[in-house]
Structure formats: structure tokens, C-alpha cells
Amino acid sequence: MKKILYIITHLEIGGAQKHLLSLLRNLNRDDFCIYLYAGPRGFLRDEFERIPGINIVYDRFLIREINPFFDIVCFLKMFIFMRRIKFDIVHTHSPKASVLGRGAAFLAGIKNIVYTVHGWPFHHFMPKGLFYLLVLIEKVAAAITKTIIVVSRYDLFLANKYRIVPRGGIKLIHYGIQTEKYQALVSLRKDEIFFPLIITVGSLKRQKGLFDFIEAAKLIGQTFPRSRFLIIGGGPQRKKLMRRIKKEGLNNRIVLPGWLKDLRPLYRYASLFLLTSLWEGLPLSLIEVVFCGIPAVVTDTGGIKDIAQGISSICIVGKGDVSGLAKSAINILKNYPYFSKIAKRASRDIDSHYWSEERQQQEMEPLYVR
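Residue indices begin from 1 for each chain and proceed along its sequence in written order. Given that this is a predicted model, residues contribute local features only at a pLDDT of at least 70 and side-chain atom pairs are listed and counted only at 80 or more, while totals for whole chains, interfaces and linings are drawn from all residues. Side-chain numbers come from the whole structure's heavy atoms, not from hydrogens or water.

A.B. asks: Teacher, can you tell me more about the overall build of the chain here?
C.D. replies: Each helix and strand counted, the chain has 15 helices and 13 strands in total. For 370 residues, the compact-globule estimate of 2.2 N^0.38 gives 21 Å, and the C-alpha radius of gyration of the chain, at 21 Å, lies within 12% of that figure. Considering only C-alpha atoms, the chain reaches an extent of 60 × 40 × 40 Å along its principal axes. Between buried and exposed lies partly exposed: a residue is buried under 20% and exposed over 50% of the maximum accessible area for its type, with that area taken using a 1.4 Å probe on protein chains only. Within the span of the chain, comprising 370 residues, buried residues form 58% of the whole. Contacts are assigned to residue pairs that have any heavy atoms within 4.5 Å of one another. Pairs at least 24 residues apart make up 71% of the contacts formed inside the chain by residues separated by at least 6 positions. Looking at charge distribution, the chain has the averaged site of its 55 positive side-chain charges lying 5 Å from that of its 30 negative ones. Helix numbers and strand numbers start at the N terminus; a helix is a DSSP run of H or I with at least 4 residues, a strand a run of E with at least 2. The atom set for the radius of gyration is the C-alpha atoms, and the globule formula is 2.2 Å times the number of residues raised to the power 0.38. Charge assignment: positive for Lys and Arg, negative for Asp and Glu; neither His nor the chain ends contribute. Note on charges: their place is set at NZ of Lys, CZ of Arg, CG of Asp or CD of Glu.

A.B. asks: Explanation requested: the pairing of strand E1 (residues 2–8) in the structure shown.
C.D. replies: Two faces make up the sheet, and in a regular strand the side chains alternate between them. The element E1 is largely enclosed, with a buried count of 5 among its 7 residues. When DSSP finds at least two bridges between two strands, those strands are taken to pair. By the bridge criterion, 7 bridges tie E1 to strand E2 (residues 32–38) in an arrangement that is parallel. Looking at the pairing, Tyr6 lines up with Leu36 of E2. Both E1 and strand E4 (residues 89–93) contribute to a ladder of 4 bridges, which runs parallel. The residue bridging Ile7 from the neighbouring strand is Thr92, located in E4.

A.B. asks: Sorry, what's going on with the packing of aromatic side chains here?
C.D. replies: The relative placement of two aromatic rings is captured by the distance of their centres and the angle of their planes. Pairing of aromatic rings covers Phe, Tyr and Trp, the last counted by its six-membered ring, and requires centre-to-centre distances within 6.5 Å; plane angles under 30 degrees mean stacked, over 60 mean edge-to-face, and any other angle means tilted. Using the criterion set out here, one finds 21 aromatic pairs in the structure. Ring centres of Tyr338 and Phe339 lie 5.1 Å apart, and the angle between their planes is 75 degrees; this geometry places the pair in the edge-to-face category. Among the aromatic residues, those joined into a ring-pair cluster are Tyr115, Trp120, Phe122, Phe131, Tyr132 and Tyr162. Over the ring of Tyr58 we find Arg45; its NZ or CZ atom is 3.8 Å from the centre of that ring. Between the NZ or CZ atom of Arg359 and the centre of the ring of Tyr354, over which it lies, the distance is 4.4 Å. The criterion for a charge sitting over a ring is simple: Lys NZ or Arg CZ within 6 Å of the ring centre, and within 35 degrees of the ring normal.

A.B. asks: I tried to follow the sheet that holds strand E13 (residues 314–317) on my own but got confused; where do I start?
C.D. replies: Paired through their backbone hydrogen bonds, the strands of a sheet run either parallel or antiparallel. Read from one edge of the open sheet, 6 strands run E10-E9-E8-E11-E12-E13, paired in parallel fashion. Only two strands of the sheet have a single partner each, and these edge strands are strand E10 (254–258) and E13. Between one strand axis and the next, the sheet turns through 20 degrees on average, direction left out of account. Note: strand E8 (residues 197–201) against strand E9 (residues 228–232), 5 bridges, orientation parallel. Looking at E9, one finds that Leu197 is bridged to Arg228. Angles here are taken between N-to-C directions and fall from 0 to 180 degrees, while the axes themselves are lines fitted to C-alpha atoms, restricted in helices to the stretch in contact. Its contacts with the sheet put helix H8 (residues 210–223) on E8, E9, E10 and strand E11 (272–275), and the angle it makes with E9 is roughly 170 degrees.

A.B. asks: Please clarify how the side chain of Thr301 should be interpreted in this entry.
C.D. replies: Looking at the element boundaries, Thr301 is found in the loop between strand E12 (296–299) and helix H12 (304–308). For Thr301, the residues in contact, after removing those within four places along its chain, are Ser277, Leu278, Trp279, Glu280 and Lys319.

A.B. asks: Any chance you could explain the pattern of salt bridges here in plain terms?
C.D. replies: Note on pairing: side chains with opposite charge can pair once their charged atoms come close. Salt bridges are counted wherever a side-chain nitrogen of Lys or Arg sits within 4 Å of a carboxyl oxygen of Asp or Glu. In this structure the tally under the stated criterion is 20 salt bridges. Between Arg45 and Glu49 there is a salt bridge, with the nearest N and O atoms lying 2.9 Å from each other. Of this pair, Arg45 and Glu49 both sit in helix H2 (residues 45–49), 4 residues apart, which is roughly one turn of that helix. For the salt bridge of Arg359 with Glu363, the shortest nitrogen-to-oxygen distance reads 3.5 Å. Note that Arg359 and Glu363 are positioned in helix H15 (residues 357–364) at a spacing of 4 residues, about one turn of the helix. For Glu363, a relative accessible area of 23% translates into the label partly exposed. Taken together, the salt bridges that share partners define one network made up of Arg25, Asp46, Glu47, Arg50 and Lys261.

A.B. asks: So what exactly am I meant to see when it comes to the nonpolar core here?
C.D. replies: The tendency in soluble globular proteins is for nonpolar side chains to be buried side by side. Here the nonpolar core consists of buried residues drawn from Ala, Val, Leu, Ile, Met, Phe, Trp, Tyr and Cys, with membership extended through side-chain atoms lying within 4.5 Å. Ile199, Tyr267, Phe273, Leu286, Ile287, Ile307 and Ile314 are the most contacted members of the largest nonpolar core, which totals 35 residues. At the level of secondary structure, the elements contributing two or more residues to this core comprise E8, E9, helix H10 (264–269), E11, helix H11 (284–292), E12 and H12. Residues Leu210, Ala217, Ile245 and Leu250 belong to the second largest nonpolar core, which totals 31 residues.

A.B. asks: Please explain the environment of Leu278 as it appears in this structure.
C.D. replies: Take Leu278: it is sitting in the loop between E11 and H11. Residue Leu278 is classed as buried on the basis of its relative accessible area, which comes to 13%. Remark: the alpha-carbon pair of Leu278 and Ala343, spanning 65 residues in sequence, is separated by 24 Å. Not counting residues within four places of it along the chain, the set of residues in contact with Leu278 comprises Phe125, Arg206, Gln207, Lys208, Gly209, Asp212, Thr301, Lys319 and Gly320.

This is the structure we're talking about:
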């Protein structure tokens, strides 16, 4: 039986964490002894703790922010832990945890080091110096990594462009979801709307472009005064977003309910999904809404086209294009019976096996035995 260690910074709700939940729930217990190393914070902590057969280690020194003292202590603790348990495989997620985890695994003599990229940490909304520093860090870390997994074709393109090459190569493995759970909602959705409900899902960070969401909501509300908006998630920008909402006089129109573990009841009644991200890997929430039959307006970031290409109920606009977001949303809402029907048709026609957890697991597990 192989001993495998997963490392992630926090157990919050996000694509990386939901993806890891799926992996841990479906990994064959007869073949693997499973450990998880994570920071103690996160809305999904109890979800991970409920998975049978998982040994969880929490480290308060594993934080997202750069902190030289915490980072050195965390690195040493990881190294000592890996030497003591003698893992066969270390699989890291999230940028900072991955750099620390891969470095500790290499020094501990672990040969099979795997890293899943849920969107590269470098992007063009940061200073050039920092951008190329992060590229350099990823290139160095790749040299001690056996396999890098990317979740979108765009991230694969970036890896090739900047020559981030691990020893065993890079593999594209798209996210998988429980497709049948979301497709079951399609028949419950209405083709007519009287009170449009527009939603978005994600961490309240600069990456998600949520101030653009607020501006677009203001414009949409001028045409659809009965429309309501939900920003589902938590994060560091919550107070700033609340202040902007109040300043724009949108308190009765935009609600921030925090994180919700099960979005399906909300997806049943959502009229439109509006994604305003500035950079992304592959938004897991967009895969979910496609299978729910919900029309969407999204910005052209990262792996968006991996799921949205060819689906005519999804409108793709440029990053930061508030006017384009609002116009596309208004067009869908004005012609809602049409867009709702083609969104439902897309849910039926899309390859449910390809976007399933089963396919994801089938592609993942062979990387652990190579």
C-alpha cells in the first residue's frame, strides 16, 4: 500500500479545495494510505474531517501570506514529517503550499512529487518584476517535480510558453463534478422570469473582479429594476465590497450571504450566472452551472473556453468590460425563454462522462503508480 500526502494551504471553498475533496473521497483505500497536510482555517474543514480513512495534520504555520519565520518553520515541519512517515507520493495544491511542499519532499528523498496547478500564480495584473520572479520560482520548482497537472488548456499554454517543465511532463486533467446531481435540476428550472436572480460564486478577492460585478449590477438594474444579485463567497474584500454596495445605493439589490456548502437549491432559481474574474484557472462553478442549464456571462480568462466554447447560452466578454457584461446580461434576460432553452439543451448535450468525477479519477490515479 502506497503512502500519499496531499498538501494545501487552507480548506476554504474554492476550485482547488472542492477538487481535492473529490479526489480524497474517491481514492482507492485498498491501494493508498492517505494523509492531508493543511492550514487549520477553512469553511470546508468539517467536510474533509468527515471523509473516512484520512489522516489530517493541521499546521498553524501554513498560511497564504508571505511570512519568513512562519514559512521556514512550516518547511522544517513538513520535512521532518515526510522523513518520519516516508511517503511514496506527495501531491501539492495551491501555489505557496506547493513550493514549500515540493521543496520539503525533494529534500526528504521522495521521488514521486505531483503538483496540480489551479491557475498559475503569475498574471498580468501584477508588477512585471513580481511576474517574472514567480515564473522563475515555478521553473525551479518544476525541476524537482515529477508531474505537473494543469486544469485548463490555457495553463498548459503558459507552461510551454515559459518553459515550466517537470521531469515527467505536464498533463492536462480537467475538473470533474457529480454531473448527475446538477443535471437533475434542469427539469425544475423555469423558462420565464419575473424577478431575475443573478449570481456569482467565488472567493472575495481582487482576482474575481467583483467591483465590476457591482458596476454591472447597477447597469442591469436600470433595465430590470426587479433584479436581485448574490455574491456567494467569503474573503478579504468583503468589507470593501459592502462599502461600495452601500455607496452605490444597492443594499436592497445586492446580497453577500457568505459561503454556502450546497449551491444546488440556489442554482435551481438562478436566472443568470455572471463571472467577472480578471484571471482564472478553470472555474468549477461554471462547469456546475452549465450542467444545471443556467445561461451565463463570463469574462475571457484562463480556461473559460475549455467549458464555454460552442455553448451559445454563454456569452464571453473581455476582462474588465463592465459595459459588455451588462449588455450581454440584459440581452439574455430580455430573451430569457430562448436562452434558457438552449442552456437546458446544452446541459443534455454536453459530455457528462468527460466532466465527471469518475473520468477525473481514472486520469489521476495512474500518475501515482508510474
